[in-house]
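Coordinate inspection notes
The residues making up each chain are set out below.
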Amino acid sequence: MSDPFNFPQQDLLRHAHLISDAVDRLCRSGQLILGEGVRQFEVAFATWLGAGTQPRQVIGVANGTDALELALRAAGVGPGDRVLLPSHTAYATAAAILRLEACPVFVDLEPGRPVLSATHLDQLLSGSETSPGQGPFRAAIAVHLYGEACDLVPLLAVCERHGIALIEDCAQACGTLYRQRAVGTWGHFAAFSFYPTKNLAACGDGGALVVNRPDRIEAARRSRFYGWDDDRRAVQFGVNSRLDELQAWVLLGKLASLGEQIEQRRQVADWYAGQLGACLLRLPGDGADWRHSYHLYVVRLDPSERERVLVEGKRRGLPLALHYALGCHQTPYLIERFGPQPPLPETERRLAEILTLPLHPYLDLASVCSVAEPLRDLLAEAGAAPWAAPVSSQQVA
Ligand SMILES: Cc1ncc(COP(=O)(O)O)c(C=O)c1O
């Protein structure tokens, strides 16, 4: 019996035939690197993302962090430049900035949401909020955390007003819609990860850089392969970050059922809402402008309760986690390298409230109940916490 909470294993078992088909293709074609699989996947993924305002190109790369790094390079970020991002994200977002010797500047969150605030972004760019670093601001990274979309229209307006690039970090948001259009089609550039736990999961590492600026497509494409032109002459800076043919064929095969898998994630979220809606928790959900893809299911509760529920829940064997225990601005390495970071009140409040419950497309109602029922019991044991009124999954978290 496989572990009901082990998504990569269940996903691998369900798609094992795609892997053997891919190996078969590799043996027949002998093409292992940048062949027909990558070419077909790039076209299919661009089509899957759908129409935006600009012609776009998908460039398959080795992982999501590389996709972010190459997006930053395509945006013209260099050593000493400042790049804005939320502190509440996977550390990979910040790590990509460090690779360029650029300086991360953390933007606080929108009240009540896990995404960066356009108002704070504007204040930092216009200097009315102070920020570390001296270099010019070059880009902002909007992270669609957990699969919840950032408010892209005001963010784009702020970036364009200040003449900087907007990069969408879609690592957790494959399948999320903003104003009925896929995230990844709004910013100047976007980065996707196909790490094995992601909504579109490879059977190893994989990622994609999306370029929505026609004038940057060719340079971005060359940047994943040493900066070579078609005659294999280096004409610019480049790295080695190629999506593997095996992964490309598997991802191409999985695209066919991606929509169905996202609906299944949404079904699991509805089951949680049914089980937990009357508890003293804040549940994630859709908003007026976004349709959630539920990469992660993160609830919120009163900070004093959160600690007790986390510790006691884990002691009783509940599969609970934190995404994330620390904001990037609190990580030892960034403090050592850039000095103490300015406080981010909304981010710090949220970090103390969050709790991640397992969610993936293979969970059934019984598995959801096996988490929700003991969680309800745990919450009831403390008596009523006055902090949160019951909310439905369709309300803004
Ligand atoms: C928000 C975010 N950005 C970037 C990444 C980096 O992706 P990868 O692990 O494929 O390099 C991740 C991966 O966890 C992520 O969650």
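Please refer to the structure higher up on the page.
Residues numbered from 1 in each chain as written. Predicted model: local features only at pLDDT ≥ 70, side-chain atom pairs only at ≥ 80, totals over all residues. Heavy atoms only, no water.

Some points on the nonpolar core
Operational definition: In these notes, a set of buried Ala, Val, Leu, Ile, Met, Phe, Trp, Tyr and Cys residues joined through side-chain atoms within 4.5 Å is what counts as a nonpolar core. When accessible area is computed with a 1.4 Å probe and restricted to protein chains, residues below 20% of their type maximum are described as buried, those above 50% as exposed, and intermediate ones as partly exposed. Segments assigned H or I by DSSP are reported as helices when at least four residues long, segments assigned E as strands when at least two residues long, and all are numbered from the N terminus. Each domain's extent is set by a domain assignment, obtained either automatically or from a database. Contacts are assigned to residue pairs with any non-hydrogen atoms lying within 4.5 Å of each other.
Phe-41, Phe-45, Leu-84, Leu-121, Phe-192, Phe-194 and Leu-200 are the most contacted members of the largest nonpolar core, which has 54 residues in total. Top element by residues in this core is helix α9 (residues 245-276). It accounts for nine residues. Two domains share this core, each providing at least three of its residues, namely domain 1 (7-253) and domain 2 (258-381). If we ignore the near neighbours within four places in the chain, the residues touching Leu-121 are Leu-84, Val-107, Ala-140, Leu-155, Val-158 and Cys-159. Within the second largest apolar cluster, 41 residues are counted, among which are Ala-74, Ala-94, Ala-96 and Tyr-146.

A closer look at the sheet that holds strand β7 (residues 181-182)
Paired through their backbone hydrogen bonds, the strands of a sheet run either parallel or antiparallel. Note the cut-off: Two strands pair if DSSP finds at least two bridges between them.
With antiparallel pairing, three strands are arranged side by side in an open sheet as β7-β6-β10. In this open sheet, the two edge strands, each paired with only one partner strand, are β7 and β10 (290-291). Summarising the sheet, strand β6 (residues 177-178) and β7 pair through two bridges and their orientation is antiparallel. Opposite Tyr-178, over in β7, you have Arg-181 as the bridge partner.

Concerning the pattern of salt bridges
It is possible for side chains of opposite charge to pair when their charged atoms get near one another. Selection rule: Any Lys or Arg side-chain nitrogen located within 4 Å of an Asp or Glu carboxyl oxygen qualifies as a salt bridge.
Scanning the model with the defined rule gives 27 salt bridges in all. The partner of Glu-36 in a salt bridge is Arg-39, with the nearest N and O atoms 2.6 Å apart. One end of the pair, Glu-36, and the other, Arg-39, are both in helix α3 (residues 36-49), three residues apart, so they sit about a helical turn from each other. The exposure class assigned to Arg-39 is partly exposed, which follows from its relative accessible area of 45%. One salt bridge in this structure joins Glu-148 and Arg-113, with 2.9 Å as the shortest N-O distance. On the criterion of sequence distance, the pair formed by Glu-148 in the loop between β4 (137-143) and α7 (152-162) and Arg-113 in the loop between β3 (103-107) and α6 (118-126) is long-range, its members being 35 residues apart. Looking at Glu-148, the relative accessible area reads 2%, which means it is buried.

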